[in-house]
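The lines below spell out each chain.
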Amino acid sequence: MNNLELRNLNLKDPDQFEQWSAFLKSLGIGNFSSVETDPLDGTIGLFENNQLIATGSYAGNILKYIAVCNKSSNNGALFNRVISELLNILAQKDIFHVLVFTKPKYCKSFEQVGFSLIVKSDDAAFLETGDQSITSYLADLPKFKDTEKIGAIVMNANPFTNGHRYLIEQAAKNSDHVYVFVVSTDKSLFTTKERTEMIKAGTKDLDNVVVVPGGDYLVSYATFPAYFLSYENDKIVYQTTIDALVFKQWIAKQLSISTRYLGTEPESRTTKIYNEVLEEILPPDVQVNVIPRLCDDNNGEIVSARTVRLAIANDEIAKIKALVPPTTYDFIIKNKQVLQDRIKKGMKISGN
Amino acid sequence: MEIKKTAIAGTLESSDIQVTVSKGNDGIKIDLTSDVKERFGKNIVKTIEEIVNKFGIENINIKAVDQGALDCVIKARTITAIQRSLGTSEEPDWEVL
């Protein structure tokens, strides 16, 4: 191990990218699509006689593309070195809660360096390490008596519309308490803070609704890696399966949630698959209650946050008033310029 | 003394120990991962606890990932992690040593 050299790799450099991807290919990782590689914040490589023998990357607080030469006699030590270096790099950025998605057969290797398994499906495992855990996340949330009827909704609310309000109202009518989990990934037009505030403002009058952060435990399509999976097309199924398992085995169990409420999804393929996976995995522990989407009185179209975003982009603010609660409307009016600037700077608004 | 911010010291390489200290609210909590936990787990935890007590810290969460570290290494990594967290790395607390 003495003549090992640690280097930062620049994947924008064609030669370095070539060496890195060839190494990964030799170990069976072959997906280098820009969806996977663009989000990487950094990549390190261990070299022996100028030969790349181990590598690892990170995107936010998620470790990715961890690979160690399997011909090396000390590949265990190389793996530990890579993880150790990555954790120290992240610590310098004040990131201490680190996640990894990997093949189930690599769980042991990660557990040996202090990671804890959160959930495992047939195809993927989700592990974490550091100064937080799903246990500490759940301990910080408000709790209710398990004899009560407790419902839950997960939403991005980008932005919070009358449709979201309607779904929460239906859940609130049927439950003693409703948790609204806000997706914490900041990849939306409205920031997590803004979305949370809009939901809180728009549900203030509903006494049995509590709005809480989703933390790192609502597994987002935006951050879930697919490079280690065999079929990229099934990424959405793998990702939603992991997400559904986390909800079932941890969140619902610890918070005594008996019903998960969903909106019907006639328009988005991604959300449709997500709903299908939830309906397959959650019962019987957690009932799935699908509520038909609220429709606009004027034209009969379903109320969607996407329509609102498009109206903001096209500067047709008048269209928005009928679709959102007054609290959201006020927020959009006040921040119109900021929002339109974000769209101009390239924030995608057409997705979910 | 109180831990407010998370800090890390050490590596995952052989004969080392990686110590992460963070804010606690329920006494001294130590989560140890080690291949030799069965035989030496109690000793490792005791060594870490002694250091924490010398700093006069009452509430702290510690995650320790051991790769077969000697006692002196365990002490050094724990002291460094705590000092990084307290922002006192530049002024070593000689009495703790």
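Residues numbered from 1 in each chain as written. Chains lettered and ligands numbered in written order. Predicted model: local features only at pLDDT ≥ 70, side-chain atom pairs only at ≥ 80, totals over all residues. Heavy atoms only, no water.

Selection rule: UniProt positions are given in the numbering used here, feature names are shortened, and annotations may be inferred rather than shown by experiment.
The name that an unreviewed UniProt entry assigns to chain B is Citrate lyase acyl carrier protein, with the source organism given as Fructilactobacillus sanfranciscensis. Checking UniProt for chain B, the heading Function (unreviewed entry) contains the comment "Covalent carrier of the coenzyme of citrate lyase." Quoted verbatim from the Subcellular location (unreviewed entry) field of the UniProt record, the comment on chain B reads "Cytoplasm".

By the naming in an unreviewed UniProt entry, chain A is [Citrate [pro-3S]-lyase] ligase, taken from Fructilactobacillus sanfranciscensis. What UniProt records for chain A under Catalytic activity (unreviewed entry) is the sentence "holo-[citrate lyase ACP] + acetate + ATP = acetyl-[citrate lyase ACP] + AMP + diphosphate". UniProt, in its Function (unreviewed entry) section for chain A, records the words "Acetylation of prosthetic group (2-(5''-phosphoribosyl)-3'-dephosphocoenzyme-A) of the gamma subunit of citrate lyase."

## Focus: the layout of surface pockets
Worth spelling out the cut-off: Buriedness of a pocket was judged along seven lines, with at least five required to meet protein on both sides within 12 Å; pockets are open sets of points on a 1 Å grid over the protein atoms alone, cavities are sets where a 1.4 Å probe fits but cannot get out, and lining residues have an atom within 4 Å of a point. Grid points are joined across faces, edges and corners, and a volume is the space filled by probe spheres set on the points. Strands are runs of DSSP state E lasting at least two residues, helices are runs of H or I lasting at least four, and both sets are numbered from the N terminus onward. Residues were grouped as follows: Ala, Val, Leu, Ile, Met, Phe, Trp, Tyr, Cys and Pro as nonpolar; Asp, Glu, Lys and Arg as charged; and all remaining residues, including Gly, as polar. Where a domain begins and ends is set by an automatic assignment or by a domain database.
Of the volumes computed, that of the second largest pocket is approximately 880 Å³. Lining the second largest pocket are 33 residues, and of these Asp-131, Gln-132, Ser-133 and Ser-136 of chain A together with Asn-61 of chain B sit closest to its centre. The set of elements that each furnish at least two residues to the lining of the second largest pocket consists of β6 (116-120), β7 (125-130) and α5 (134-139) of chain A together with β2 (17-23), β3 (28-34) and β4 (60-66) of chain B. Sort the elements by how many residues they give to the lining of the second largest pocket and α5 of chain A lands first, with five residues. Per-class residue counts for the lining of the second largest pocket are nine nonpolar, 14 polar and 10 charged. Both domain 1 (4-132) and domain 2 (137-344) of chain A contribute no fewer than three residues apiece to the lining of the second largest pocket.

## Focus on the pairing of β6 of chain A
Residues and elements named next belong to chain A. Applied cut-off: If DSSP finds at least two bridges between two strands, the strands pair.
Note: β6 against β7, four bridges, orientation antiparallel. Within the sheet, the bridge partner assigned to Ser-116 lies in β7 and is Glu-128. Between β6 and β7, which pair antiparallel and follow one another directly, the connecting turn spans four residues.

## Side note on the pattern of salt bridges
Definition in use: Only one rule defines a salt bridge in this text: a Lys or Arg side-chain nitrogen within 4 Å of an Asp or Glu carboxyl oxygen. Note on classification: 1.4 Å probe, protein chains only; a residue is buried when its accessible area is under 20% of the maximum for its type, exposed when over 50%, partly exposed between these limits.
Enumeration according to the criterion identifies 16 salt bridges over all chains in this entry. Here Lys-248 of chain A ties to Asp-285 of chain A by a salt bridge, and the two come within 3.6 Å at their closest N and O atoms. Here Lys-248 of chain A, found in helix α8 (residues 235-255), pairs with Asp-285 of chain A, found in the loop between α9 (269-281) and β12 (287-291); they are 37 residues apart in sequence, far enough to count as distant. We note a salt bridge from Asp-31 of chain B to Lys-63 of chain B, for which the minimum N-O separation is 3.6 Å. Placement of the pair is Asp-31 of chain B in strand β3 and Lys-63 of chain B in strand β4, with a sequence separation of 32 residues. Residue class for Asp-31 of chain B comes out partly exposed when judged on its relative accessible area of 39%.

## As for the domain arrangement of chain A
Residue and element names in this part refer to chain A. Selection criterion: Contacts: residue pairs with any heavy atoms within 4.5 Å of one another. A 1.4 Å probe defines the accessible area here, and the buried area is the portion of it lost by two parts on being joined, summed over both. Counting of polar contacts relies on pairs of N or O atoms within 3.5 Å, with two restrictions inside protein: one atom must be capable of donating a hydrogen and the other of accepting it, and residues adjacent in sequence are counted only when both atoms are side-chain atoms.
As far as domains go, chain A holds domain 1 (4-132) and domain 2 (137-344). For domain 1 and domain 2, the distance between their C-alpha centroids amounts to 31 Å. Listed per partner, the contact involves 25 residues of domain 1 and 19 residues of domain 2. With both sides pooled, the region where domain 1 packs onto domain 2 buries about 2,000 Å², and carbon together with sulfur makes up 65% of that total. Applying the counting rule to domain 1 against domain 2 returns one salt bridge. Here Glu-36 and Lys-235 are joined by a salt bridge, their closest N and O atoms 3.6 Å apart. Across the domain 1-domain 2 interface, the total number found is five residue pairs in polar contact (both at pLDDT 80 or more). Elements with a minimum of two residues in the side of domain 1 that touches domain 2: α2 (34-37), β4 (62-68), β5 (97-102), β6 and β7. If one sorts the elements of the side of domain 1 that touches domain 2 by residue count, β4 sits on top with five residues. Considering only residue class, the side of domain 1 that touches domain 2 consists of 13 nonpolar, six polar and six charged.

## A closer look at the UniProt feature "modified residue: O-(phosphoribosyl dephospho-coenzyme A)serine" (unreviewed entry) in chain B
UniProt annotation of "modified residue: O-(phosphoribosyl dephospho-coenzyme A)serine" (unreviewed entry) refers to Ser-14 of chain B when read in the numbering used here. Topologically, Ser-14 of chain B is positioned in the loop between β1 (7-9) and β2.

## Some remarks on the packing of aromatic side chains
Residue and element names in this part refer to chain A. So the rule is basically this: Note on ring pairs: Phe, Tyr and Trp rings are taken, using the six-membered ring of Trp, and paired if centres are within 6.5 Å. Classes follow the plane angle, with under 30 degrees stacked, over 60 edge-to-face and the rest tilted. Counted as over-ring charges are cases with an Arg CZ or a Lys NZ within 6 Å of the ring centre that also lie within 35 degrees of the ring normal.
Tallied over the entire structure, the rule returns 14 aromatic pairs over all chains. Measuring from ring centre to ring centre gives 5.0 Å for Phe-101 and Phe-224, while their planes differ by 70 degrees; the resulting arrangement is edge-to-face. On the criterion of sequence distance, the pair formed by Phe-101 in strand β5 and Phe-224 in the loop between β10 (209-213) and α8 is long-range, its members being 123 residues apart. For the pair formed by Phe-101 and Phe-224, the shared burial category is buried. Ring centres 5.8 Å apart and planes at 25 degrees place the aromatic pair Tyr-179 and Phe-181 in the stacked group. Each member of the pair Tyr-179 and Phe-181 is classed as buried. Joined through ring pairs, the aromatic side chains of Phe-17, Trp-20, Phe-32 and Tyr-65 make up one cluster. Just above the ring of Phe-47 sits the side chain of Arg-7; from NZ or CZ to the centre is 3.9 Å.

## Overview of the nonpolar core
All names here are of chain A. Quick note on the threshold: Among buried residues, those of type Ala, Val, Leu, Ile, Met, Phe, Trp, Tyr and Cys that are joined through side-chain atoms within 4.5 Å constitute a nonpolar core.
Counting residues in each nonpolar core, the largest one holds 86 residues, and the members touching the most others are Leu-63, Ile-83, Phe-181, Ile-251 and Ile-257. The residues that make up this core include at least three from each of domain 1 (4-132) and domain 2 (137-344). Counting residues in hydrophobic clusters, the runner-up holds 34 residues, among them Met-155, Val-182, Ala-311 and Ile-317.

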